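Here is how the chains run, residue by residue.
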Amino acid sequence: MRLMKAMVYHKSGSGDVLKLEEVEKPVPKDDEVLIKVRAASVNALDYHLLRHAFLRRIISTRSKIKIAGRDVAGEVEAVGRNVTQFKVGDKVFGACNGTFAEYACTRESALAIKPDNISFAEAASSPVAALTALQGLRDKGQIQPGEIPREKVLINGAAGGVGTFAVQIAKSFGAEVTGVCSTVNVEMVRSIGADTVIDYTREDFTSNGQHYDVIFDLVSNHSFSEHKRALTRNGIYIAAGMVGLHSMIGLLSRRIPELVLSPFVSQKFVNVLAKLNREDLASIAALMETGKVTPVIDKRYSLSEAGEAVLYLEEGHARGKVIIDLDQSAERAVS
């Protein structure tokens, strides 16, 4: 039996329940690819899965060993006999269960080729976050590249992992982008392409008289009526990912009015959860390869420090993405 190191959890909690253990190295099934992990990244989904058993039952894994992590970038180590899209040695990125480990297995449809001019860390930062941004803006927000008239898009939470991708993707589609963030992140959000940046400590975007065609919300800190007030007559409000899940009562208090009242107003109120597919991963790869999207990386942690990385992200102050870097040359996180 061949072993590998992985960050394993045996009970609910946060990053503090993750422990570095030696476990059995996975073997790819006929339709799977085995990846030598070079980098992974931390998402809000990771700490939600650690904290909430009901989510783990929904997003189940066949493995009895619970390994954290979803985003991955690395090199193909082996392929199942039915795999046709990848070969040993290919550099890939995508998502699967258990990426906070030296090796991970996933189906070939969950991967795409990593562009040569993008690092493993940059590639690993993108799957969950960039797919959420792309699918939210394009599919739910109905924003298409090059459309005229120009859409006015507001990103609430523009400095976070999904937000930094959303700002850049919306700009690449030709939208007029307003980013909402804290004072310390104003210049960073402006530097990645936001036309206007609102410091939420000084200004409330729902009360400044401006109206937006799309509000892409990664924070969920305003009411239904406030969002309605900030939208154009036929505007679209998008709640992304699992915002509000820290408190189930808080989540329901915001979602119930939307469900009850949205059929009676001209605006749309929708939710988006990223759906993993190779075509959209390839679209993200193309945006990064051409420089239209550049991942914003806040901190890098080693594999054994993955618990600290989860705790840091859960504090809610990360600028862009937090990376688990398995490269031996990776710098350790700076406190």
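Structure shown above.
Predicted model, so just to flag it, every value in this text is computed and none were measured.

A look at the environment of Phe216
With respect to the element layout, Phe216 can be found in strand S11 (residues 212-217). For the pair Phe216 and Ala239, spaced 23 residues apart in sequence, the C-alpha to C-alpha distance is 6.4 Å.

Describing helix H1 (residues 44-51)
Across the eight residues that make up H1, a large majority, six, are buried. Among all positions of H1, only Leu45, Asp46, Tyr47, His48, Leu49 and Leu50 are buried.

Topic: the pattern of salt bridges
In the structure shown here, the tally under the stated rule is 13 salt bridges. The residue Arg138 makes a salt bridge to Asp139 at a minimum N-O spacing of 2.6 Å. When salt bridges that share partners are traced, they join Arg38, Glu75 and Asp327 into one network.

Some thoughts on the nonpolar core
Counting 51 residues, the largest nonpolar core has Phe93, Leu137, Ile155, Ile169, Val189, Phe216 and Ile284 as its most contacted members. Discounting residues that sit within four places of it in the chain, Ile155 has contacts with Leu137, Gly163, Ala166, Val167, Val177, Thr178, Gly179, Val180, Phe216 and Leu218.

Digging into the side chain of Asp199
As for its position among the elements, Asp199 is in strand S10 (residues 196-199). Not counting residues up to four positions away in its chain, the partners in contact with Asp199 are Cys181, Ser182, Thr183 and Val186.

Notes on the pairing of S10
As paired elements, strand S9 (residues 176-181) and S10 share four bridges and run parallel to each other. Bridge pairing links Gly179 to Val197 in S10. Handedness of the crossover is the feature at issue here: the chain leaves S9, passes through helix H6 (residues 186-191), returns alongside S10, and the resulting connection is right-handed.

Examining the state of the cysteines
Scanning all chains against the criterion turns up zero disulfides. Cys105 forms no disulfide, and the closest cysteine sulfur to it belongs to Cys96, at a distance of 7.9 Å. In this structure Cys105 comes out as buried when scored by relative accessible area, which is 16%.

Quick notes on the rules
- Residues numbered from 1 in each chain as written.
- Predicted model: local features only at pLDDT ≥ 70, side-chain atom pairs only at ≥ 80, totals over all residues.
- Heavy atoms only, no water.
- Helix = DSSP H or I, 4+ residues; strand = E, 2+ residues; numbered from the N terminus.
- Buried < 20%, exposed > 50% of the residue type's maximum accessible area, 1.4 Å probe, protein only.
- Salt bridge = Lys/Arg side-chain N within 4 Å of Asp/Glu carboxyl O.
- Core = buried A, V, L, I, M, F, W, Y, C linked by side-chain atoms within 4.5 Å.
- Contact = heavy atoms within 4.5 Å.
- Pairing = 2+ DSSP bridges.
- Right-handed = clockwise from strand over helix to strand, strands pointing away.
- Disulfide = S-S within 2.5 Å.

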